[in-house]
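This is what each chain is made of:
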Amino acid sequence: MDAQKMTEKELEPVKVAVVGYGGMGKWHTNRLDKCEAVECAGIVDIKEDRKELARELGRRVYRDLDELLEDDEVKLVTVATPNHLHKELCIRLMEHGKNVICEKPVAMNSAELDEMIETANRCGVIFTVHQNRRWDKDFRIVKKLWEENTLGRIFRIESRTHGSRGIPGDWRNKKQYGGGMLMDWGVHLLDQLLLLLPQRIESVYAQMTNVTNEDCDDGFTAQLKFEGDLCVEVQVSTSNFIALPRWYVLGENGTALIQNFKLEGKIVMVSDWENRDAVPVNTAAGLTKTMAPRTSDTIQEYPLPEVESDILDYYRNMAKAVRGLEQPIVTHAQVKRVFRLMEAIIQSHETGEVVRDFDVPANK
């Protein structure tokens, strides 16, 4: 549709309601207030204190989900409840003709996800997932380095988040509610990597930890082998009192380091390939040149590149998707691929074996 030919009604902001007014529900309503393409129509929550808070902030509070379903002006609903409630809520909304954004992780397993996607297709509505960390600048820097081939052929990527306070004490530490760090933070890191890397994953070997919680994992480490000999390590840990880098990217011509979410880091590139001499390193077992670093006259250090990022682009895209002008940024195929990978990580942990032949790239 030509934007110039759109009616006055079609140019109005798309009305969006939010189900669940906890931490992420508040986050969504605040973003809706800041985005010109959408308008927060109101919220639904089962807790009276959250309803009262919403009223105090001047928001409409629907009596219950039924009242929201009857509001024909609401074209899009964001579900921001604990994970175990996602499937039932999303299916009910879609069966009443509502387009739906669901918080991550979208479901408890792939079978639930398939049922939700089938409902969306049957009802002819949009169903997608909120993957907000696609807009994190640390990820966007790595994406820029990859796309511009800054480091030459990249042969290893390490992506991790480290905390030191254990698993949070809310629903995130209960398996029955879809808790655990693989589902909470792993889904973000895996989504970033699979968005970056379209090639097929050949194998996965993983271990999950239960240092601070026995009911569900409080961290994991996964070794992924992609087609073309690219090796990736993904790690989430909540018991690290000295954090390792958020990103460590190794290429033929250089290395990129992003230390943390503050974007502290650097890039070091080879400037003189012909000069391979080194000042020997003195170890307890004697001198070695093999592990000695390059001399400063053969390398060049650079700052991390600047990148642009506006998280409101997510809702701008969804407003256009509701009007049939664009496809949702987060596709069904992408979401399914992340879930296949998470389930392969669980399988590897439980069996102690490498998992193969589970991946279908999202562009297939």
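Structural data are supplied above this passage.
Residues numbered from 1 in each chain as written. Predicted model: local features only at pLDDT ≥ 70, side-chain atom pairs only at ≥ 80, totals over all residues. Heavy atoms only, no water.

> Looking at this structure, I do not really get empty space enclosed by the protein. What am I missing?
Empty space among the atoms becomes visible once a probe the size of a water molecule is rolled across them. With the rule as written, the count across this model stands at 2 cavities of 30 Å³ or more. In this structure, the largest cavity spans a volume of roughly 40 Å³. Lining the largest cavity, in full, are Lys104, Pro105, Val106, Val129, Gln131, Val187, Val335, Val338 and Phe339. Of the residues contributing to the lining of the largest cavity, the split by class is 7 nonpolar, 1 polar and 1 charged. Quantified by volume, the second largest cavity comes out at close to 30 Å³. Lining the second largest cavity are Trp27, Arg31, His130, Ile311, Leu312, Tyr314 and Tyr315. Elements with a minimum of two residues in the lining of the second largest cavity: helix H1 (23–34) and helix H8 (313–322). Counted by class, the lining of the second largest cavity contains 5 nonpolar, 1 polar and 1 charged residues. (1 Å grid on protein atoms, 1.4 Å probe; cavity = no way out; pocket = protein on both sides within 12 Å on 5 of 7 lines; lining within 4 Å. Points joined across faces, edges and corners; volume = space filled by probe spheres on them. Nonpolar A, V, L, I, M, F, W, Y, C, P; charged D, E, K, R; others polar. Helix = DSSP H or I, 4+ residues; strand = E, 2+ residues; numbered from the N terminus.)

> It is not clear to me how the nonpolar core should be interpreted in this structure. Could you clarify?
Most often, soluble globular proteins keep nonpolar side chains buried together rather than apart. Counting residues in hydrophobic clusters, the biggest one holds 98 residues, and the most contacted among them are Leu68, Val106, Phe127, Ile157, Val232, Leu341 and Ile345. Considering every element that reaches this core, the biggest residue donor is helix H7 (residues 181–196), with 9 residues. What isoleucine 345 contacts, discounting residues up to four positions off in sequence, is Leu182, Leu190, Val204, Ala206, Phe220 and Ala222. (Core = buried A, V, L, I, M, F, W, Y, C linked by side-chain atoms within 4.5 Å. Buried < 20%, exposed > 50% of the residue type's maximum accessible area, 1.4 Å probe, protein only. Contact = heavy atoms within 4.5 Å.)

> I'm lost on the packing of helix H4 (residues 86–95) against helix H5 (residues 110–123) in this one. Help?
A pair of packed helices can be characterised by two numbers: the angle between their axes and the separation between those axes. It is at 9 Å that the axes of H4 and H5 come closest, and there the two elements cross at 5°. Compared by their axis directions, H4 and H5 come out roughly parallel. Seen from H4, the contacting residues are His86, Lys87, Cys90, Ile91, Met94 and Glu95; seen from H5, they are Glu112, Glu115, Met116, Thr119, Ala120, Arg122 and Cys123. For the contact of H4 with H5, a count of residues per class yields 6 nonpolar, 2 polar and 5 charged. (Axes fitted to C-alpha atoms, helices over the stretch in contact; angles between N-to-C directions. Parallel < 35°, antiparallel > 145°, perpendicular 65-115°, else oblique.)

> I keep staring at the sheet that holds strand S3 (residues 76–79) and nothing clicks. Help me out?
The pairing of strands in a sheet happens through backbone hydrogen bonds and is either parallel or antiparallel. On the basis of which strands lie adjacent, the open sheet formed by 5 strands has the order S2-S1-S3-S4-S5 and parallel pairing. Strand pairing shows two members of the sheet lacking a second neighbour, strand S2 (38–44) and strand S5 (127–130), which therefore form its edges. Across the sheet, the mean angle separating the axes of adjacent strands is 25° when strand polarity is ignored. (Pairing = 2+ DSSP bridges.)

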